[in-house]
Amino acid sequence: MRYLAIIALGLLCSFNSFAQTKVQGTVTDGYTGETLPGANVSYAEGKGTSTDLDGKFVLNIPNGDYTLTVRFVGYMDFTKKITVTGKPIDLAITLESVDLNEVEIVADIALGRKTPVAFSDVSAIKIREELGTQDLPLILNSTPGVYATQSGGGDGDARINIRGFNQRNVAVMVDGIPMNDMENGWVYWSNWFGLDAVTQKVQVQRGLGASKLAIPSVGGSINILSQGIEQKQSVSISSEFGINRNFRQTIGFNSGRLKNGWGVTAAFSHKTNDGWVRNLSSKQYFYFVKVQKELGKHSLSFSVMGSPQNHNTRPGRRQMYYYDKDYAIENGFDSTRYQSQYVGDEGGYGLQFNQFWGYITRNRGDVNAERELLSDRVNYYHKPIINLKHFWSINKKLALSNIAYASFGNGGGTFLKTSVFDQQTGQLDFDTIYYTNTHGTIFTPIYDLSVVNDTSQYKSSNYMWANVNNHYWVGLLSTLKYRINDNLEFSGGFDGRYYQVSRYQEMLDLLGGDYAVPNSSGDDLNDTENIVKRVGDRFGYNIQSFVRQAGLFGLLELKRGDWSYFLNATASVVSHSRQNLFGLKDDGGNYPTTGWKTFPAGTVKGGASFNLNKSNSFYANAGYLSRAPMLSNVFAGTTLTPYRGVENEGIIAAELGYLFNRSIFKSAVNLYYTVWNNRPVNQTISVAGERYFVGIPGMNALHKGVEVEAEAQVHRMVSLEGVLSVGDWRWTSESSAVVFDELGTAPIDTIQFNAKGIKVGDAAQFQAAFGIRFEPVKGLYIKPRITYFDNYYADFDPESLSAAGEPVQSWKIPSYYTVDLNIGYPFPVWGKYKLGVRLNLLNILNATYISDARNNEYPSTNANDRGFDASSAGVFMGMGFRWNVGVNMNF
């Protein structure tokens, strides 16, 4: 019996020693979100493992109580008590840097449970799995408060709104460098279409955000971080093909951190596309090169990126009856109010129809002459962006960052003077234009004797020109960060920028004629009348504009126990100037100029967060932004005439938030309240063929709402994502608009308008999205997603509210939803190498919907009809079903 007892006890101990539980997890950098390969993970003295190349670890631990410790060079130790009971444990571990972090200082990345602002992170994996051939903003529709569309449908023409503020009022940055145009604040996504190939992550901050700089983050900011020396060594090759002959090839390389401290990141991409909308074709290239060197406490980085491009666009919105008769009538369109573009135009051409292109045969006497395809609107541009960065970690308490950057943009967009349509096809009739130009009357100009009595030269009454925009932009961003003690940090620095742009009209194609005289047709604004213009000549306007900005900023961050606080202040001076190169020179040989129009501006904002426990935290922030007007709001059109009464905008914002964070469930709730005072809404109108400018000061709006975001890992194979955003955005003002001519003489007229209670348009005020990621076997993912938009109103037009009586509500656009499906799997090829294959199916139900609309672009002929309805709105229809297949190989 004794021996049997000993054997039984031994077996029991043996069985107990085999009762082990899997403890696994991923270790990431708390600032960048990047995984940390090689981190040491232990649960007892001498017992543990290291994270693999993906930052993952797996431990098999006997049942019991342990203290899990994670260590990595340059980071603070992480410890967590765990109780192992037989149930698998999955951990997400973030490490905080010991030294002051370059990304934290430069890119203004917000951190959960520390930074008291609303934000959402979009990982490189999510971008790779879901973006497909879309422009980058489209994937952000899966984050709360965001409305992004493809506008007219052309590549690179995407736009994005956050909390009802368009992208002129959303700060977009790449590695901490501001990207918004300094002339009008717009973001031209086509200038870096392939940036997704080297994106580390995208962070969307909503509201005034965490940025230290004086940037236009009224609605929020989008921070794009590129890959670099922190990533592991890799080579990737990918190829994509999709609907409408959409082809893209990309090659990427990352050396990681080499032994001598060097690192190189590079990517090159090429894309061609016939366009989902007919003949919105594109041809784009992308290049990105970053070279980094670490020298002890110093790190240097030089990068350059750009995207030479040529892509077609659509010039304007149409009545929805033009695209789809049945859909239009179902949604309240009065068919008797359809405004035909030409004889025989009956509408209903389909969502993919685009009338602004056609064919031309330039030598009709030659039977072998080829027919050439021409488009009315073609954007061609190249804007290289260069930056040189130096980061110096002086000691554990002090760090200095300097970034010098520059961009040089060259290109423009083409226009046809007068649209002439073929009554059979509905397309532009370039052959008729060509025939008219080559068989028209001979014109004897006043100022060009070379064509007098020359019967072989014909005047073009219709022609194509380009609006050219050539600019250069330089900036310096210098930031000093000082850790005063363990609880208090200060950041401060200088932000300086200078922008110069040359804009002019250039004769591009005379369409068969020999010359044109633009002013004789009334479209030459500044040039001398009756001057002959040939291909390559400038006409219409020829201006140079200048913007200079200099500012100081400071940020205090305090952490005491479970509380974190921040206080940020900025002060800047922004100046604008313009020069007319078609004007008469003064006695000193100088062209007419406006002189500098200077506006001081500043920001004050602060916030606090409280960590109730390891799972629950709360935050609040508030701020005031005095924002200087942009150049496009200072001077009227392309003239030297300043708008009247231009003043700074004033934005007051407050926000409350709650965060819940557990290993299998995360959620965030945000409440926001933003008052926007003195929003500029300047317009150009035409009266009896004459051009006038309308300055509309004092426009005020109130944006308030609630946002909810949640993620749940309900099973090791299934994760869920959900987004809900409910906004209430309204105009709150009534005022008067001053009408004046291009000479800026005494006001021609004054328009009274009342916009109180009118809904802010241009973005959906209700958003709901739900997505599932199902991974039945390792590597295979199936991701359906549904996105729903409602309470969407047509863009506001103050001029339409000038009639007497109560204001008329903007037209409410029909609600809609789209369903997307993304599938992928890495097929084993050889050894550790795998061939990744993914399929992106967008709008798989082929839903018909309106993506963009503006009130009263097609007003009724009935003077008593104020419009603001389905019949008078100009719209862009959303794109239908599209598909894309991608394959990639990583080495």
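Residues numbered from 1 in each chain as written. Predicted model: local features only at pLDDT ≥ 70, side-chain atom pairs only at ≥ 80, totals over all residues. Heavy atoms only, no water.

## A few points about the packing of aromatic side chains
Let me state the cut-off plainly: Pairing of aromatic rings covers Phe, Tyr and Trp, the last counted by its six-membered ring, and requires centre-to-centre distances within 6.5 Å; plane angles under 30 degrees mean stacked, over 60 mean edge-to-face, and any other angle means tilted. Helix numbering and strand numbering both begin at the N terminus, where a helix is a DSSP run of H or I of at least 4 residues and a strand a DSSP run of E of at least 2. Burial here depends on accessible area, computed with a 1.4 Å probe over protein chains only, as a share of the maximum for the residue type. Under 20% is buried, over 50% is exposed, and the range in between is partly exposed. Here, a charge over a ring is recorded when the distance from Lys NZ or Arg CZ to the ring centre is within 6 Å and its angle to the ring normal is within 35 degrees.
In total, this model carries 32 aromatic pairs according to the counting rule given. Here the aromatic rings of Tyr 321 and Tyr 338 are separated by 5.1 Å at their centres, their planes lie at 45 degrees, and the arrangement is tilted. With Tyr 321 in helix 4 (residues 320-323) and Tyr 338 in the loop between helix 5 (325-330) and strand 21 (357-360), this residue pair connects regions lying 17 residues apart in the sequence. Residue classification places Tyr 321 among the buried positions, given a relative accessible area of 11%. An aromatic cluster is built from Tyr 147, Phe 789, Tyr 792, Tyr 816 and Tyr 849, whose rings are joined through pairwise contacts. A cation over an aromatic ring shows up here: Arg 318 above the ring of Tyr 322, its NZ or CZ 6.0 Å from the ring centre.

## A short note on the environment of Leu 480
To keep things clear, this is the line we draw: The contact rule is simple, with two residues in contact once any of their heavy atoms fall within 4.5 Å.
Within the secondary structure, Leu 480 sits in strand 26 (residues 464-483). For Leu 480, a relative accessible area of 36% gives the class partly exposed. As for Leu 480 and Gly 493, which are separated by 13 residues in sequence, their C-alpha atoms are 5.9 Å apart. Leaving out residues up to four positions away in the same chain, Leu 480 has contacts with Leu 398, Ala 399, Leu 400, Phe 490, Ser 491 and Gly 492.

## Focus on the environment of Tyr 817
Along the chain, Tyr 817 turns up in strand 43 (residues 816-830). Along the sequence, Tyr 817 and Asn 843 sit 26 residues apart, while their C-alpha atoms lie 8.8 Å from each other.

## Things to note about the sheet that holds strand 14 (residues 220-226)
Strand-to-strand pairing in sheets goes through backbone hydrogen bonds, with the strands running parallel or antiparallel. What counts here: In this description, strands pair whenever DSSP reports at least two bridges between them.
The mixed open sheet is built from five strands, whose spatial order is 8-13-14-11-12. Only two strands of the sheet have a single partner each, and these edge strands are strand 8 (118-123) and strand 12 (177-178). Looking at chain direction, strand 13 (residues 199-206) and strand 14 are connected through seven bridges and run antiparallel. Paired with Gln 203 across the bridge in strand 14 is Asn 223.

## Side note on empty space enclosed by the protein
Our working definition: Method remark: on a 1 Å grid restricted to protein atoms, a set of points is classed as a cavity if a 1.4 Å probe fits but cannot get out and as a pocket if it is open with protein on both sides within 12 Å along at least five of seven lines; lining residues have an atom within 4 Å of a point. Grid points are joined across faces, edges and corners, and a volume is the space filled by probe spheres set on the points.
Evaluated as defined, the whole model comprises 15 cavities of 30 Å³ or more. Considering the residues around the largest cavity, the lining is formed by 27 residues, among which Gln 134, Leu 138, Asn 141, Thr 818 and Asp 820 are closest to the centre. Contributions of two or more residues to the lining of the largest cavity are made by strand 9 (146-149), strand 41 (781-793) and strand 43. With four residues, strand 43 is the single largest residue contributor to the lining of the largest cavity.

## Some thoughts on the sheet that holds strand 2 (residues 40-44)
This is how the line gets drawn: Only the contacting stretch of a helix is used when fitting its axis, a line to C-alpha atoms as for every element, and angles between N-to-C directions run 0 to 180 degrees.
Strand order across the open sheet formed by four strands is 3-2-5-6, with antiparallel pairing between neighbours. Whereas interior strands pair on both sides, the edge strands pair on one side only; in this sheet they are strand 3 (47-50) and strand 6 (78-84). If you compare each strand with its neighbour and ignore which way they point, the axes differ by 20 degrees on average.

## Some thoughts on the pattern of salt bridges
Selection rule: By convention in these notes, a salt bridge is any Lys or Arg side-chain nitrogen within 4 Å of a carboxyl oxygen on Asp or Glu.
Applying the stated criterion across every chain, the model contains 36 salt bridges. Where Glu 129 meets Arg 773, a salt bridge forms, and the shortest distance between an N and an O atom there is 2.6 Å. A residue pair is termed long-range when its members are at least 10 positions apart, and Glu 129 in helix 3 (residues 124-130) and Arg 773 in strand 40 (residues 764-774) qualify at 644 residues. We note a salt bridge from Asp 155 to Lys 271, for which the minimum N-O separation is 3.6 Å. Placement of Asp 155 in the loop between strand 9 and strand 10 (159-162) and of Lys 271 in strand 17 (residues 262-273) is noted, with a sequence separation of 116 residues between them. When sorted by exposure, Asp 155 lands in the same class as Lys 271, which is buried. A network of salt bridges, in which partner residues are shared, links Lys 126, Glu 129, Glu 130, Glu 721, Arg 773, Glu 775, Lys 783 and Arg 785.

## Some words on a nonpolar patch on the surface
Using the following cut-off: The patch calculation keeps residues exceeding 30% relative accessible area without a salt bridge and links them within 9 Å when they carry like charges or within 5 Å when they are nonpolar (Val, Leu, Ile, Met, Phe, Trp, Tyr). For every accessible area listed, the method is Shrake-Rupley and the probe measures 1.4 Å; residues are considered covered only by the protein chains on display.
Side chains of Phe 241, Phe 247, Phe 770, Ile 786, Tyr 817, Ile 844, Leu 845, Phe 881 and Trp 883 sit close together on the surface and give an oily, nonpolar patch of about 780 Å² of accessible area. Locating Phe 770 in the fold gives a position in strand 40. Using a relative accessible area of 39% as the deciding quantity, one classes Phe 770 as partly exposed.

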